[in-house]
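Residue-level listing of the chains:
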Amino acid sequence: QITLKESGPTLVKPTQTLTLTCTFSGFSLSTSGVGVGWIRQPPGKALEWLAFIYWDDDKRYSPSLKSRLTISKGTSKNQVVLTMTNMDPADTATYYCAHRRGGDCYDYWGQGTLVPVSS
Amino acid sequence: QSVLTQPPSVSAAPGQKVTISCSGSSSNIGNNFVSWYQQLPGTAPKLLIYDINKRPSGIPDRFSGSKSGTSATLGITGLQTGDEADYYCGTWDSSLGAGVFGGGTKLTVL
C-alpha cells in the first residue's frame with residue numbers, strides 16, 4: 001500500500017525559504033522507474049506542476065519556478081525534500097507530493113499541506 | 001494561464017453522459033500520454049485515467065478517456081451526484097521539459 005504525507009511550516013513570511021518534506025511508504029525511490037513529484041494548488045485555483053525526482057536522481061523543474069526550486073532525496077530513504085526560495089504571498093497554496101508512474105502520471109497523492117505566506 | 005485548455009464548467013442530469021475536453025499541442029498531448037484526475041471538494045486529486053484510456057484498479061468503467069491529435073477527452077456515463085467535482089487533465093510537455101495540467105473543469109450534476 002503506497003502512502004505519502006507532506007510536512008512543513010504552517011506559516012511562511014515573505015522572502016523566506018520554504019522547506020517541505022514528503023514522507024512515503026509502500027515503494028522505494030531506489031527502484032528503477034520510480035519517481036516523486038510536487039504539485040501545488042492556490043486556494044480556489046488549478047493544479048500547478050512544480051518538480052519531480054527520479055530513482056536515478058534525475059530532476060526536472062517547472063521552467064517558471066526553476067530558479068527558486070530544489071528537489072532532493074531526503075536523509076531518510078523514504079523522504080523527498082522540496083525547497084522554494086524567496087517566498088511571496090502569491091505562493092500561498094496547498095502543496096502535494098505524489099508518486100509518479102510513467103508518462104508523468106501521479107497515481108498516489110498525499111493529503112496536501114496548506115502553506116500560507118504572510119507577514 | 002494553463003498550457004492545457006479545459007472548459008471551466010460542464011453540467012448534466014443524473015444518469016446522463018458528459019464529456020470534458022482538454023486541448024493542447026504537439027509538444028504535450030500530441031506526443032505524450034494523458035492522465036485525468038478527479039478532485040472532490042477539500043480532498044487531494046485522484047487518478048481516474050492514465051495512458052490516455054486506462055483505469056486504475058477501483059475506477060468504474062463509467063469513466064473513459066480518449067485522444068485525437070492534440071486533444072483529449074474524458075467521458076463519464078451514468079452520472080451520479082457523487083461525481084460532482086473538479087476534473088483535471090495532465091501530461092508531459094516535451095518542449096518545456098515539465099509536467100503540465102489543464103485549468104480544471106467543474107462538473108455539476110443537476
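You'll find the structure just up there.
Structure report, in brief. (Residues numbered from 1 in each chain as written. Chains lettered and ligands numbered in written order. Predicted model: local features only at pLDDT ≥ 70, side-chain atom pairs only at ≥ 80, totals over all residues. Heavy atoms only, no water.)

On to the layout of surface pockets. Roughly 390 Å³ of internal volume is contained in the largest pocket. Along its surface, the largest pocket is lined by 16 residues, and A:Leu47, A:Glu48, B:Gln1, B:Ser2 and B:Val3 are the ones closest to its centre. It is strand β8 (residues 98-101) of chain B that contributes the most residues to the lining of the largest pocket, 3 residues altogether. Mapped onto the lining of the second largest pocket, the elements with two or more residues apiece are β8 (93-101) of chain A together with β7 (85-93) of chain B. Class assignment of the residues belonging to the lining of the second largest pocket gives a composition of 7 nonpolar, 7 polar and 2 charged. (1 Å grid on protein atoms, 1.4 Å probe; cavity = no way out; pocket = protein on both sides within 12 Å on 5 of 7 lines; lining within 4 Å. Points joined across faces, edges and corners; volume = space filled by probe spheres on them. Helix = DSSP H or I, 4+ residues; strand = E, 2+ residues; numbered from the N terminus. Nonpolar A, V, L, I, M, F, W, Y, C, P; charged D, E, K, R; others polar.)

Residue and element names in this part refer to chain A. Not every positive phi belongs to a glycine, and Asp57 is a case in point at roughly 75°. With respect to the element layout, Asp57 can be found in the loop between β4 (48-54) and β5 (59-61). Take Asp57: its relative accessible area is 37%, and that puts it in the partly exposed class. For Asn86, which is not a glycine, the phi torsion comes out positive at approximately 50°. Along the chain, Asn86 falls in the loop between β7 (79-84) and β8. (Buried < 20%, exposed > 50% of the residue type's maximum accessible area, 1.4 Å probe, protein only.)

Here we come to the state of the cysteines. All names here are of chain B. Going through the model one piece at a time under the given rule, you end up with 2 disulfides over all chains. One disulfide in the model links Cys22 with Cys89; its S-S distance is 2.0 Å. Here the S-S torsion is close to 75°, and the disulfide linking Cys22 with Cys89 is therefore right-handed. Of the two residues, Cys22 sits in strand β2 (residues 18-23) while Cys89 sits in strand β7, which places them 67 residues apart along the sequence. Just as Cys22 is buried, Cys89 falls in that class too. (Disulfide = S-S within 2.5 Å.)

Our next topic: the sheet that holds strand β6 (residues 71-76) of chain B. All names here are of chain B. Sheet architecture is open: 3 strands sit in the order β2-β6-β5, paired in antiparallel fashion. Edge positions in the sheet fall to β2 and β5 (63-68), since each of these pairs with one other strand and no more. Strand-to-strand twist in this sheet, taken as the mean axis angle between neighbours without regard to direction, amounts to 20°. Pairing between β2 and β6: 6 bridges, direction antiparallel. Residue Ser23 lies in a different strand from β6, and its bridge partner there is Ser71. (Pairing = 2+ DSSP bridges. Axes fitted to C-alpha atoms, helices over the stretch in contact; angles between N-to-C directions.)

Without other data, these values stay purely geometric and don't point to any function.
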